[in-house]
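So the chains spell out like this:
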Amino acid sequence: MSKQKQTQLRKNVAPFATADMKASIKQLINTLLPFFILWFLAYQSLSISIWLTLALAVVASGFVIRIFIIFHDCTHMSFFKNKKANRIVGTITGIITLFPFEKWKREHSIHHATSSNLDKRGTGDVWVMTVEEYKAASFWGRLSYRMYRNPLVMFGLGPIYLYLISGRFNRKDAKRKERINTHLINVSIFAIYALLIWTIGWQAFLIVHLPILFIAGSLGIWLFYVQHQFEDTYFENEDEWDYVKAAVDGSSFYKLPKILQWMTGSIGYHHVHHLSPRVPNYNLEKAHESTPPLQKATTITLATSLKSINFRLWDETSKSFKSFKEVKGILKETSASVDLNTRRSSFQEK
């Protein structure tokens, strides 16, 4: 894609990068109100059946994802035109979803600026190792990576790590505003949880709230993972990396059923979001439908997205993901070739 076409593409999306106060307020109402109602019903249902409680928790977790999308838009300053309004709503939704607003805002902006750049990995993204890096890694390095990419670890322990560790502590070089915001959110979470436990008891609180957070966290990680780990994705070194190509080719269009698209704030239009982060979630579909070149982005569905579980290592030669099984075969071939060459050299010396 030429620079002229890239510029035109961004111009075509620009009209959608404007917040609509009415749409934002409507989304706050149809997201926060159902969540609190479902939470209350889940608590009340404990006297009827714990299975009913868990069923309501599953639905409530979907609204937590939707609340996170609002939080996410606020970090991009795209949910409201007013920066202060974004910070206030972002901090409140951060308390609900357990994410520090300023810290996450900084890390996520780095993710957008470096997505698919092999030379700038490590902040706000999923750990991706290349085949060559894996081959050169130590036993412990490979083991660490394999554990990280294990679905049980990533989607099972991942939410726990994000909630209890990553989201609760500031980075060493965090600025004052970021530190204060993280502390404010931590204190608010502690106070609200303490009040709820004092009101309904710790057992009821855990039975209702833990499933909601865990399910939302697991699904949230899945959404983030699958929208960058897919067939025909884009990864390049710094000298070849291009922002627009990283956005359109390195982010997928996750085509979900309408109810799931609504619940996830249309974040499936991830290619549009990466091209123009200032487009609020309720305008992503409109931008996609109004811009033909964006409709050529890689489309994945619920069924085809499951393939991404086996995408483990990025092969810079073939420009594609490899599974651990495929790389194991490559390592064996390399080892056999080295061993054969060693024997030949030894024979020639004799």
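Summary of the structure given here. As the structure is a prediction and not an experimental result, all values here were calculated from the model.

**Considering the overall build of the protein chain**
Scanning the protein chain from terminus to terminus reveals 16 helices and five strands. With respect to the principal axes defined by its C-alpha atoms, the protein chain has extents near 85 × 50 × 45 Å. Here the protein chain, with 350 residues, has 47% of them falling under the buried criterion. A fraction of 70% describes how many contacts in the protein chain between residues 6 or more apart in sequence connect residues 24 or more apart.

**With respect to the packing of aromatic side chains**
Given two aromatic rings, their pairing is described by the distance between the two centres and the angle made by the two planes. Applying the stated rule across the entire model yields 27 aromatic pairs. The aromatic ring of Trp262 is capped on one face by Arg66, whose charged end is 3.7 Å from the ring centroid. Stacked on the ring of Phe324, the Lys or Arg Arg146 has its end atom at 4.2 Å from the ring centre.

**Here's the deal with helix α2 (residues 21–44)**
For an α-helix, 3.6 residues make a turn, and residues three or four places apart therefore share a direction. Compared with an ideal rise of 1.5 Å per residue, which puts 24 residues at 34 Å, α2 spans 34 Å between its outermost C-alpha atoms and is within 8% of the ideal. Regarding α2, the residues found buried are Ser24, Gln27, Leu28, Thr31, Leu32, Phe35, Leu38, Trp39 and Ala42. Tucked into the core, α2 has its buried residues touching α3 (50–75), α4 (83–97), α9 (176–200) and α10 (202–226).

**A few points about the nonpolar core**
Counting residues in each nonpolar core, the largest one holds 54 residues, and the members touching the most others are Leu28, Phe35, Trp39, Phe79, Ile212, Tyr225 and Tyr254. Elements represented by at least two residues in this core include exactly α2, α3, α4, α5 (101–114), α8 (151–166), α9 and α10. If we ignore the near neighbours within four places in the chain, the residues touching Ile212 are Phe35, Trp39, Ala57, Ala60, Ser61 and Val64. Grouped together as the second largest cluster of nonpolar side chains are 14 residues, Tyr269, Val279, Ala287 and Leu294 included.

**A short note on a positive patch on the surface**
There is a patch of like positive charges on the surface, built from Lys83, Lys175, Lys177 and Arg278. With respect to the secondary-structure elements, Lys177 resides in helix α9.

**Let's talk about unusual backbone geometry**
A positive phi angle, near 75 degrees, is found at Ser116, a position not held by glycine. Within the element layout of this structure, Ser116 appears in the loop between α5 and β1 (129–130). The exposure class assigned to Ser116 is buried, which follows from its relative accessible area of 6%. Notably, Asp232 is not glycine yet its phi reads approximately 65 degrees, a positive angle.

**Regarding the pattern of salt bridges**
Enumeration according to the criterion identifies twelve salt bridges in this entry. Residue Glu107 pairs with Lys103 through a salt bridge whose shortest N-O separation is 3.2 Å. Of the two residues, Glu107 and Lys103 are both situated in helix α5; the distance of four residues between them amounts to about one turn of the helix. The class of Lys103 is buried, set by a relative accessible area of 6%. A salt bridge links Glu238 to Lys120; its shortest N-O distance comes to 3.7 Å. Of this pair, Glu238 sits in the loop between α10 and α11 (243–248) while Lys120 sits in the loop between α5 and β1, and the two are 118 residues apart along the sequence. One salt-bridge network, in which partners are shared between bridges, spans Lys103, Arg106, Glu107, Arg171, Asp173 and Glu178.

Definitions and limits used
- Residues numbered from 1 in each chain as written.
- Predicted model: local features only at pLDDT ≥ 70, side-chain atom pairs only at ≥ 80, totals over all residues.
- Heavy atoms only, no water.
- Helix = DSSP H or I, 4+ residues; strand = E, 2+ residues; numbered from the N terminus.
- Buried < 20%, exposed > 50% of the residue type's maximum accessible area, 1.4 Å probe, protein only.
- Contact = heavy atoms within 4.5 Å.
- Phe/Tyr/Trp six-rings, centres within 6.5 Å; stacked < 30°, edge-to-face > 60°.
- Lys NZ or Arg CZ within 6 Å of the ring centre and 35° of its normal.
- Expected span 1.5 Å × (residues − 1).
- Core = buried A, V, L, I, M, F, W, Y, C linked by side-chain atoms within 4.5 Å.
- Patch = residues over 30% accessible without salt bridge, like charges linked within 9 Å, V, L, I, M, F, W, Y side chains within 5 Å.
- Areas by Shrake-Rupley, 256 points an atom, 1.4 Å probe, with all protein chains shown as cover.
- Salt bridge = Lys/Arg side-chain N within 4 Å of Asp/Glu carboxyl O.
- Lys, Arg positive; Asp, Glu negative; His and termini not counted.
- Charge placed at Lys NZ, Arg CZ, Asp CG, Glu CD.

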